[in-house]
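If you want the building blocks of each chain, they are given just below.
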Amino acid sequence: MTAGIQPLSENGGDVSAPRHVAIIMDGNGRWAAKRRLPRSAGHRRGAEAVREAISGALKAGVEYLTLYAFSSENWNRPQEEVTDLMGLLKLYLSREVKSLSKQGIRLKVIGRRKRLSEDINEMIERAETQTRDNKRMTLVIALSYGGRDEILDAVRSIAADVADGRMSIDDIDEARFQNSLATHDLPDPDLIIRTSGEQRLSNFLLWQAAYSEFLFLDLLWPDFTEETFASAMEEYQGRHRRFGGRP
Ligand code: FPP
């Protein structure tokens, strides 16, 4: 499989390359269990697969890549695993930001930051500031993120605007709502990929996924490579998107 994108005429689809790809990185635990390794080993390999996804996205010319790294529900995992994942994220933020910048990548984190420790918050702020002028691609990491939380936060901010007289109820429309979401500066995801064979959204980008294409892959996240990304692009370009309009 080549990393190139097939011309549209060869695969019958009617869509161009996706601008925004979002990934639910699932299966680290199962990858580790298959090898009788601790779950932490699966997460570590998962962090390596993140590099593969980024280089695949860069090669495909994707403008926005969103990765679901830690959901609002993941706080309910055993404390040891939560600590482990947070440690891995810290390691990632401390080691990778330079390389992200070199590759022209802007980093953006979405999710409930209040629940994250002070040091992680500081690292995130530093990384976002350091990379904010990069233009080649935006890497969005969803951390302590839940789609329902995000929608509730948007409702609260709109309700406050109405209560304080800054907005009238009649002004509330899709554009205003989208503008109140954490993803206000991103286009909706064209394609959402989930690994590990599970076929659900798990509270990821609920508003934004209204017209996304879905791709469910049987492989476990640590096995995801640049080539997997390239095949996903080919599959996507064979799709027919109608956005509820054309028959
Ligand atoms: C799902 O696998 C994966 C997670 C909950 C964490 C995702 C985190 C990473 C890929 C590593 C760190 C990320 C970055 C951005 C550095 P699971 O544990 O639910 O697997 P299972 O369903 O097989 O148990």
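Throughout what follows, the structure given in this document is the object of discussion. Note that the coordinates shown come from a computational prediction; the quantities given were computed from them, not determined experimentally.

Conventions used here
- Residues numbered from 1 in each chain as written.
- Predicted model: local features only at pLDDT ≥ 70, side-chain atom pairs only at ≥ 80, totals over all residues.
- Heavy atoms only, no water.
- Helix = DSSP H or I, 4+ residues; strand = E, 2+ residues; numbered from the N terminus.
- Rg over C-alpha atoms; globule rule 2.2 N^0.38 Å.
- Buried < 20%, exposed > 50% of the residue type's maximum accessible area, 1.4 Å probe, protein only.
- Contact = heavy atoms within 4.5 Å.
- Pairing = 2+ DSSP bridges.
- Core = buried A, V, L, I, M, F, W, Y, C linked by side-chain atoms within 4.5 Å.
- Axes fitted to C-alpha atoms, helices over the stretch in contact; angles between N-to-C directions.
- Near = heavy atom within 4 Å.
- Polar contact = N/O pair within 3.5 Å; in protein donor to acceptor, adjacent residues only side chain to side chain.
- Areas by Shrake-Rupley, 256 points an atom, 1.4 Å probe, with all protein chains shown as cover.

Before going further, it helps to examine the overall build of the chain. Broken down by element type, the chain carries eight helices and six strands. Since a compact globule built from 247 residues should have a radius of gyration of about 18 Å, the 19 Å found for the chain is in line with a globular shape. Taken over the C-alpha atoms alone, the chain extends approximately 60 × 50 × 35 Å along its principal axes. Counting all 247 residues of the chain, 49% fall into the buried class.

For Leu58, the position within the fold is in helix 3 (residues 39–60). Accessibility expressed as a relative area gives 11% for Leu58, which makes it buried. Counting along the chain gives 184 residues from Leu58 to Arg242, while the straight-line C-alpha distance between them is 26 Å. If we skip the residues at most four places from it in the chain, Leu58 touches Gln103, Ile105, Arg136 and Met137.

Attention now goes to the pairing of strand 2 (residues 64–71). In terms of burial, strand 2 is largely enclosed, as seven of its eight residues are buried. Note: strand 1 (residues 20–24) against strand 2, five bridges, orientation parallel. Paired with Ile23 across the strands is Leu67, a residue of strand 2. Pairing of strand 2 with strand 4 (residues 137–145) involves seven bridges; the strand directions are parallel.

Right, let's get into the nonpolar core. Formed by 46 residues in total, the largest nonpolar core has its most connected members in Val21, Ile23, Ile54, Leu65, Leu139 and Phe229. The dominant element in this core, judged by the number of residues it contributes, is helix 4 (residues 79–102), at eight residues. Beyond its immediate sequence surroundings of up to four residues, Phe229 is in contact with Val21, Ile23, Ala53, Gly56, Ala57, Ala60, Val62, Leu65 and Phe224. Within the second largest apolar cluster, 13 residues are counted, among which are Tyr68, Ile110, Val140 and Leu186.

Okay, the sheet that holds strand 4 next. With respect to topology, six strands assemble into an open sheet ordered 3-4-2-1-5-6, the strand pairing being parallel. Of all strands in the sheet, those with a lone pairing partner are strand 3 (105–110) and strand 6 (213–216), marking the two edges. When the angles between neighbouring strand axes are averaged without regard to direction, this sheet yields 20°.

Once that is clear, we can look at the pairing of strand 4. Counted residue by residue, strand 4 has nine buried out of nine residues, so it is predominantly covered. Of the strand pairs in this sheet, strand 3 and strand 4 are connected by six bridges, and their pairing is parallel. Its bridge partner being in strand 4, Leu107 is matched across the sheet by Leu139.

A few words now on the environment of Ala182. Residue placement: Ala182 occurs in the loop between helix 7 (174–179) and strand 5 (191–194). A C-alpha to C-alpha distance of 10.0 Å links Ala182 and Leu205, two positions 23 residues apart in sequence. If we skip the residues at most four places from it in the chain, Ala182 touches Lys108, Ile110 and Glu150.

Its identity is not glycine, yet Ser202 carries a phi of approximately 45°, on the positive side. Here Ser202 lies in the loop between strand 5 and strand 6.

For the rest of this paragraph, the subject is the site of the ligand. If you check the shell around the ligand, you find 19 residues, and the closest are Met25, Gly29, Arg30, Arg39 and Arg77. Between Arg39 and the ligand, the recorded distance is 2.8 Å, taken from a side-chain N or O atom to an oxygen atom. Relative to its unbound accessible surface of 630 Å², the ligand loses 92% to contact with the protein. Looking at the shell around the ligand, the elements with two or more residues in it are helix 2 (28–34), helix 3 and helix 4.

So, about the side chain of Gln208. Relative to the helices and strands, Gln208 resides in the loop between strand 5 and strand 6. Owing to a relative accessible area of 2%, Gln208 belongs among the buried residues under this scheme. Among the polar contacts made by the side chain of Gln208, one reaches the side chain of Glu150 at a distance of 3.1 Å. A distance of 2.7 Å separates polar atoms of two side chains, one belonging to Gln208 and the other to Thr183. Not counting residues up to four positions away in its chain, the partners in contact with Gln208 are Tyr145, Glu150, Leu181, Thr183, Asp188 and Pro189.

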